[in-house]
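# Summary of structural features
Next come the chains, spelled out residue by residue.
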Amino acid sequence: MPSNRYSLFSLLRETLRGHTGWQPAWRDATPQAAYDVVIVGGGGHGLATAYYLARRYGIKRVAVVEKGWIGNGNIGRNTTIIRSNYLLPGNVPFYECAMKLWEGLEQDINYNAMVSQRGVLNLFHNDAQRNAYIRRGNAMRLNGVDAELLDAQAVRRKLPFLNFDNARFPIQGGLLQRRGGTVRHDAVAWGYARAADRLGVDIIQNCEVTGIRTQNGRAVGVETTRGYIGAGRVALACAGNSSRVAAMAGLRLPIESHVLQAFVSEGLKPFIDCVATFGAGHFYISQSDKGGLVFGGDIDGYNSYAQRGNMPVIEDVCEGGMALMPRIGRVRLLRHWGGLMDMTMDGSPIIDRTPVDSLYLNAGWCYGGFKATPASGLCFAHLIARDEPHPTATAYRLDRFARGAVIDEKGMGAQPNLH
Amino acid sequence: MRLNCPCCGPRGLEEFTYRGDATVRRPESPTAPAQDWVDYVYLRDNPAGPHRELWYHGAGCRSWLVVTRDTRTHAISDVVRAVDVARADKEGAGS
Ligand SMILES: Cc1cc2nc3c(=O)[nH]c(=O)nc-3n(C[C@H](O)[C@H](O)[C@H](O)COP(=O)(O)OP(=O)(O)OC[C@H]3O[C@@H](n4cnc5c(N)ncnc54)[C@H](O)[C@@H]3O)c2cc1C
Ligand SMILES: [Zn+2]
């Protein structure tokens, strides 16, 4: 049975009833014989796609097939940062589309995702970096995205405890996007799952896709651990497992799976009111509403499906943290974990058709796909429903590598030394 | 993770640099079809399981190594010098 609408009234009513009347947020669906669209992967992107397919494109016979449980993948493992401070033409409008959707998300899906526009501050430490950030900020403003350049004085007022006079990496200032911030990652998965379920989408958990059935070059369904499911269209949104699942249809992708780690400290009183990134190493930090410092850095840098990393990166991240804010030196680490990144060779995502008819691919989000979740879902839904790319996601083609049209936003990717 | 370098013995990961899949081969001729270059530069099998991959022992003997490692567990089953692999390849191709 679909769950009730959440409101102040329902909260009061349940408070008086001792919280005995809440319904499960989504049904535990069992697979039907066939659907119009089967989405493989119940992460943020798969669930958002299902929601927009049902909500905006009127396709209701949709299933999301997830091998584990909703939220076990990267959607529940990321460091929750959202921003649209991109530089390249293919990227800026897309990530700004995501930011606008974040701004209206909670009303749209009737779920508190704790969207917090607390600001994202990228620090710079030398003149060249300052110039690069000025250019980025200008590109953002040309595209109607907010960006502000702060000098060292202004950064000092915001975060007085940073190590401004680090001998090698003095802080000269930062590029601030005030509309950036954080969103409660699990709530995004749960909120989209609930909203999609209310529109009739089947969310099928503990159901691993083991094969993609094709007929005359056309995808017609998926083999799963819970039996065969027929599909008018098959849509892949498997994040770190994209290569494995695409290989079931004979595709070879420009992707390597890598592990990225994240860290949370013991709870502290609030002292960092934005997201801050260190420009001279890879370290970024924010503080959760529970008080834990949430931080991270580089990928470990080797192919991995293990969802856990190694010590050198832990040391590297902590060294970055100490260089930026020495006061966290005595804070204890509470927990850390890893997630699977599908690193494309240019560091940018893929939302596209594939050489197999009726098979669509959403992949390659590297370590920046959380912020994209709403726009990724919307654009993928558009592609599946209309069989043509959404206007804000026309650059994310699968054949761009062969065409030499790579989107090299930061010179990252799995092996940036290859190009 | 520690790599057992044939020259230096078991050493910590921080001494090494990763260079990806060791099975891809650069096309022999610069005029090879574009698709061969796309395959070489961009496309990867990216297996979940044993993976043959290149590591460089930069803070040690400076050898290039071909490591066989299970990407699901990080367990390492084999480490050989890349130069030996290249020699064996050449002999195989010559015979
Ligand atoms: C430590 C860490 C920190 C990060 N920090 C940020 C950040 O601050 N900001 C940001 O924007 N991004 C961040 N990211 C990246 C972001 O989390 C991912 O890019 C994004 O979540 C990927 O999309 P998704 O949510 O759909 O992935 P997932 O949640 O991983 O969804 C994919 C799903 O597919 C399922 N699946 C795989 N194979 C099969 C199969 N055969 N059958 C059925 N189901 C299958 C998986 O079980 C999984 O649930 C971070 C990632 C990590 C790991
Ligand atoms: Zn050595």
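Residue numbers here run from 1 along each chain, matching the order of that chain's written sequence. Written order determines the labels here, with chains lettered from A and ligands numbered from 1. Since the coordinates come from a predicted model, pLDDT governs what is reported: local features require at least 70, and pairs of side-chain atoms require 80 or more to be given and counted, while whole-chain, interface and lining totals use all residues. Excluding hydrogens and water, the side-chain values take into account all heavy atoms of the structure.

This paragraph deals with the pattern of salt bridges. Two side chains bearing opposite charge may form a pair once their charged atoms approach each other closely. Residue and element names in this part refer to chain A. The term salt bridge refers to a side-chain nitrogen of Lys or Arg lying within 4 Å of a carboxyl oxygen of Asp or Glu. Per the counting criterion, the structure on display carries 29 salt bridges over all chains. A salt bridge links Asp-197 to Arg-27, with the nearest nitrogen and oxygen atoms 3.0 Å apart. In this pair, Asp-197 is assigned in helix α6 (residues 185–198) and Arg-27 in the loop between α1 (8–16) and β1 (34–40), connecting sequence segments 170 residues apart. For every residue, the accessible area (1.4 Å probe, protein chains only) is compared with the maximum for its type, and the residue is labelled buried under 20%, exposed over 50%, or partly exposed between those bounds. Residue classification places Asp-197 among the buried residues on the basis of a relative accessible area of 3%. Secondary structure elements are taken from DSSP: a helix is a run of H or I of four residues or more, a strand is a run of E of two residues or more, and numbering for both begins at the N terminus.

Below, the discussion takes up the coordination of the zinc ion (ligand 2). All names here are of chain B. Here a donor is any nitrogen, oxygen or sulfur atom (N, O, S) within 2.8 Å of the metal, with 3.2 Å used for Na, K and Ca; water is not among the atoms considered, so some sites may look incomplete. For the zinc ion (ligand 2), the protein coordination sphere consists of Cys-5 (SG), Cys-8 (SG), His-57 (ND1) and Cys-61 (SG), at 2.1 to 2.3 Å. For a four-donor site, all angles between 85 and 135 degrees give tetrahedral; for four or six donors, opposite pairs above 155 degrees with the remaining angles between 65 and 115 give square planar or octahedral; all remaining cases count as irregular. Bound by 4 donor atoms, the zinc ion (ligand 2) shows angles of 102 to 119° at the metal and therefore tetrahedral coordination geometry. Along the chain, the residues donating to the zinc ion (ligand 2) are arranged with the sequence spacing C-x2-C-x48-H-x3-C.

A few words now on the site of ligand 1. Residues and elements named next belong to chain A. In the region of ligand 1, 38 residues are neighbours, and Glu-66, Asn-74, Ile-75, Thr-79 and Lys-371 sit closest. Any pair of N or O atoms that falls within 3.5 Å is considered a polar contact. Within protein, one atom must be able to donate a hydrogen and the other to accept it, and sequence-neighbouring residues count only if both atoms are side-chain atoms. Within the backbone of Lys-67, an N or O atom sits 3.1 Å from a nitrogen atom of ligand 1. Lys-371 is positioned such that a nitrogen or oxygen atom in its backbone is 2.7 Å from an oxygen atom of ligand 1. Protein burial of ligand 1: of its 1,000 Å² of free accessible surface, 97% is covered by the chains. Of the residues in the shell around ligand 1, the class split is 17 nonpolar, 16 polar and 5 charged. Start and end points for every domain follow an automatic or database-based domain assignment. Two domains each put at least three residues into the shell around ligand 1: domain 1 (32–84 + 185–254 + 346–418) and domain 2 (120–181 + 257–344). Note on definitions. A residue lies near a molecule or strand when any single heavy atom of the residue is within 4 Å of it. Here the Shrake-Rupley method, with its probe set to 1.4 Å, supplies the accessible areas, and only the displayed protein chains count as covering residues. Charged residues are taken to be Asp, Glu, Lys and Arg, nonpolar residues to be Ala, Val, Leu, Ile, Met, Phe, Trp, Tyr, Cys and Pro, and polar residues to be all remaining types, Gly included.

We now examine helix α8 (residues 311–324) of chain A. Multiplying 1.5 Å by the helix residue count minus one yields the expected span of that helix. The end-to-end C-alpha distance of α8 of chain A, which contains 14 residues, comes to 20 Å, matching closely the 20 Å that a straight helix rising 1.5 Å per residue would cover. The inward-facing, buried residues of α8 of chain A contact β4 (120–124), β12 (255–267), β13 (275–278), β14 (283–287), β15 (292–303) and β16 (333–344) of chain A. Any two residues whose heavy atoms approach within 4.5 Å at even a single point are treated as in contact.

Moving on, we come to the packing of helix α2 (residues 44–56) of chain A against α6 of chain A. All names here are of chain A. Two elements in contact, α2 and α6, have axes separated by 9 Å at closest approach and are oriented at 30°. As the angle between them shows, α2 and α6 are arranged roughly parallel. Judged by the twist between their axes, the crossing of α2 over α6 is left-handed. On α6, the residues touching Leu-47, Ala-48, Ala-50, Tyr-51 and Tyr-52 of α2 are Ala-189, Tyr-192, Ala-193, Ala-195 and Ala-196. Within the contact of α2 with α6, the residues separate by chemical class into 10 nonpolar, no polar and no charged. Angles run from 0 to 180 degrees between N-to-C directions of axes, and those axes are lines fitted to C-alpha atoms, restricted for helices to the stretch in contact. By definition in this entry, angles of less than 35 degrees are roughly parallel, angles greater than 145 are roughly antiparallel, angles of 65 to 115 are roughly perpendicular, and the rest are oblique. Handedness of a helix crossing follows the sense of rotation of the near helix relative to the far helix, less than a right angle counterclockwise being left-handed and clockwise being right-handed.

Attention now goes to the confidence of the model for chain B. Looking at chain B as a whole, the pLDDT averages 95, with 98% of positions reaching at least 70. Across the assembled chains, the prediction reports ipTM 0.95 with pTM 0.96. Across the chain, each position has a pLDDT score giving the predictor's confidence in that residue, from 0 to 100.

Residues and elements named next belong to chain A. Two aromatic rings, drawn from Phe, Tyr or Trp (for Trp, its six-membered ring), form a pair once their centres lie within 6.5 Å of each other, and the interplanar angle then sorts them: stacked below 30 degrees, edge-to-face above 60, tilted otherwise. Tallied over the full model, the rule gives 21 aromatic pairs over all chains. Here the aromatic rings of Tyr-52 and Tyr-192 are separated by 5.8 Å at their centres, their planes lie at 65°, and the arrangement is edge-to-face. Of this pair, Tyr-52 sits in helix α2 while Tyr-192 sits in helix α6, and the two are 140 residues apart along the sequence. What makes Tyr-192 buried here is its relative accessible area of 0%. Ring centres 3.9 Å apart and planes at 5° place the aromatic pair Tyr-86 and Tyr-95 in the stacked group.

With that out of the way, let us pick up the nonpolar core. Only buried Ala, Val, Leu, Ile, Met, Phe, Trp, Tyr and Cys residues count toward a nonpolar core, and they belong to the same one when joined by side-chain atoms within 4.5 Å. Ranked by size, the top nonpolar core spans 62 residues in total, and within it Tyr-52, Phe-94, Tyr-192 and Ile-351 of chain A carry the most contacts. Broken down by secondary-structure element, the contributors of at least two residues to this core are β1, α2, β2 (62–65), α3 (92–109), α4 (127–142), α6 and α9 (373–386) of chain A. If you tally residues by element for this core, the top one is α3 of chain A, at 10 residues. Shared between two domains, this core takes at least three residues from each, and those domains are domain 1 (32–84 + 185–254 + 346–418) and domain 2 (120–181 + 257–344) of chain A. In terms of nonpolar packing, the next biggest core, distinct from the first, is built from 35 residues, Met-345, Ile-350 and Ala-363 of chain A together with Leu-43 of chain B among them.

The next thing to look at is the sheet that holds β12 of chain A. All names here are of chain A. The mixed open sheet is built from 8 strands, whose spatial order is β5-β6-β4-β13-β14-β15-β12-β16. Strands at the two margins of the open sheet, each flanked by one partner only, are β5 (148–151) and β16. Pairs of neighbouring strands in the sheet enclose a mean axial angle of 25°, with direction left out of account. Where β12 meets β16, 11 bridges bridge the pair, whose relative direction is antiparallel. Note on β16: the bridge partner recorded for Ser-265 is Leu-333. Here the rule is simple: two strands pair whenever DSSP picks up at least two bridges between them.

Turning to the interface of chain A and chain B, a few remarks are in order. With 25 residues of chain A in contact, the opposing surface of chain B contributes 24 residues. Once two parts are joined, some of their accessible surface, as seen by a 1.4 Å probe, is lost; buried area is that loss totalled over both. Here chain A and chain B share an interface that buries about 2,300 Å² over both sides, 53% of which is from carbon and sulfur atoms. It is Arg-252, Asn-303 and Tyr-305 of chain A in chain A that bury the most area against chain B; as a group they hold 29% of the surface buried on that side. One can count 2 salt bridges joining chain A with chain B. The partner of Arg-252 of chain A in a salt bridge is Asp-45 of chain B, and the shortest N-O contact between them spans 2.7 Å. At the surface where chain A touches chain B, the tally comes to 11 residue pairs in polar contact (both at pLDDT 80 or more). Elements with a contribution of two residues or more to the side of chain A that touches chain B: α7 (242–247), β12, β15 and α10 (400–403) of chain A. Ranked by residue count, the leading element in the side of chain A that touches chain B is β12 of chain A, at 4 residues. Considered class by class, the residues forming the side of chain A that touches chain B number 12 nonpolar, 9 polar and 4 charged.

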